[in-house]
Amino acid sequence: MRMFHPAVLAFIGSLATFTVSCAIAEEQTQPGTDIPATNTFGRWTTIIDALDTGQDSHKTCAASTAFVDGNGNAGTLTLSISTGDALPPDAYPAIMFTVANKELPTGKKIAATFGDPGVKVSATVYSNDAGRPSWTVDNQAKTSLALLRAMRQVISLDVTFGKQAVASIPMDGFTKAYRNLGTSCGFPTKDVAP
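Presented here is an overview of the structure given in this document. (Residues numbered from 1 in each chain as written. Predicted model: local features only at pLDDT ≥ 70, side-chain atom pairs only at ≥ 80, totals over all residues. Heavy atoms only, no water.)

Here we take up a positive patch on the surface. Residues Arg-149, Arg-152, Lys-176 and Arg-179 make up a contiguous surface patch of positive charge. Looking at the positive patch, the elements that each hand over two or more residues are α2 (141–153) and α3 (174–185). Considering the arrangement of structural elements, one finds Arg-149 in helix α2. According to the relative accessible area criterion, Arg-149 is partly exposed, its value standing at 34%. (Patch = residues over 30% accessible without salt bridge, like charges linked within 9 Å, V, L, I, M, F, W, Y side chains within 5 Å. Areas by Shrake-Rupley, 256 points an atom, 1.4 Å probe, with all protein chains shown as cover. Salt bridge = Lys/Arg side-chain N within 4 Å of Asp/Glu carboxyl O. Lys, Arg positive; Asp, Glu negative; His and termini not counted. Charge placed at Lys NZ, Arg CZ, Asp CG, Glu CD. Helix = DSSP H or I, 4+ residues; strand = E, 2+ residues; numbered from the N terminus. Buried < 20%, exposed > 50% of the residue type's maximum accessible area, 1.4 Å probe, protein only.)

Look at α2 against α3: their axes get within 8 Å of each other, and the N-to-C directions meet at 135°. Judged by the inter-axis angle, α2 sits oblique to α3. On the side of α2, the interface is formed by Leu-148, Met-151 and Arg-152, while α3 contributes Phe-174, Thr-175 and Tyr-178. In terms of residue class, the contact of α2 with α3 is built from four nonpolar, one polar and one charged. (Axes fitted to C-alpha atoms, helices over the stretch in contact; angles between N-to-C directions. Parallel < 35°, antiparallel > 145°, perpendicular 65-115°, else oblique. Contact = heavy atoms within 4.5 Å. Nonpolar A, V, L, I, M, F, W, Y, C, P; charged D, E, K, R; others polar.)

Summed over the entire model, instances satisfying the criterion amount to one disulfide. Each sulfur of the disulfide joining Cys-61 and Cys-185 lies 1.9 Å from the other. Here Cys-61 and Cys-185 share a disulfide; its torsion about the S-S bond, 95°, makes the bridge right-handed. Taken together, the residues Cys-61 in strand β3 (residues 57–68) and Cys-185 in helix α3 connect sequence positions 124 residues apart. Owing to a relative accessible area of 0%, Cys-61 belongs among the buried residues under this scheme. (Disulfide = S-S within 2.5 Å.)

To continue, consider α3. In this model α3 runs 16 Å from its N-terminal to its C-terminal C-alpha over 12 residues, within 8% of the 16 Å that 1.5 Å per residue would give. Every buried residue of α3 is accounted for by Phe-174, Ala-177, Tyr-178, Asn-180, Leu-181, Gly-182, Ser-184 and Cys-185. Buried residues along α3 sit against β1 (37–41), β2 (44–52), β3, β4 (74–82) and α2. (Expected span 1.5 Å × (residues − 1).)

Take the pairing of β4 next. Two faces belong to every sheet, and in a regular strand the side chains alternate between them. Within β4, eight of the nine residues are buried, which leaves the element mostly enclosed by the surrounding structure. Bridging between β3 and β4 involves nine bridges; their strand directions are antiparallel. Following the sheet pairing, Ser-64 is matched in β4 by Thr-78. In this antiparallel pair of consecutive strands, β3 and β4, the connection spans five residues, and Gly-72 shows a positive phi of 90°. Of the strand pairs in this sheet, β4 and strand β5 (residues 94–99) are connected by six bridges, and their pairing is antiparallel. The residue bridging Thr-76 from the neighbouring strand is Thr-98, located in β5. (Pairing = 2+ DSSP bridges.)

Encoded structure:
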């Protein structure tokens with residue numbers, strides 16, 4: 001699977017944060033062929049960007065939600081996948097957290113827990129050094145599927161890196177946003193959001 005550069009994912013997260021703060025309608029699409037299409041579903045915003053170079057054509061599909069951690073630091077949770085990548089069920093969207101909290105653990109293999117008291121998913125995250133502090137979930141198909149299913153099931157996703165709580169992120173609109181990614185980038189969503 002092709003991995004996006006952390007700065008690109010951070011930009012997508014920042015763009016989604018801006019879009020979430022400006023969105024008025026439940027589902028709003030921007031017109032124009034060269035402008036990425038955006039839709040808002042609850043607290044989630046999807047961004048679909050098509051690139052056609054004449055020799056290569058693909059779409060990048062991202063969904064993002066903004067949150068504030070317990071210390072008042074702004075952050076984003078972003079899912080991203082491209083039609084040039086392996087698609088579900090072979091591989092799932094990359095999952096990245098960006099939050100301006102320099103006290104969170106950094107490194108290559110940080111144990112992480114996601115869910116709520118009734119649903120727990122363990123995964124490994126690694127920190128990215130470029131720009132704003134960010135962490136990417138190790139994108140293993142089985143773990144990513146479990147995490148995406150947890151995101152659909154919970155009202156708020158409690159996130160912990162190591163032993164340190166990151167945030168409790170509301171999931172309102174996640175299911176519709178994920179379905180929109182599948183429709184836009186051409187992959188089935190029934191295994192996550194039936």
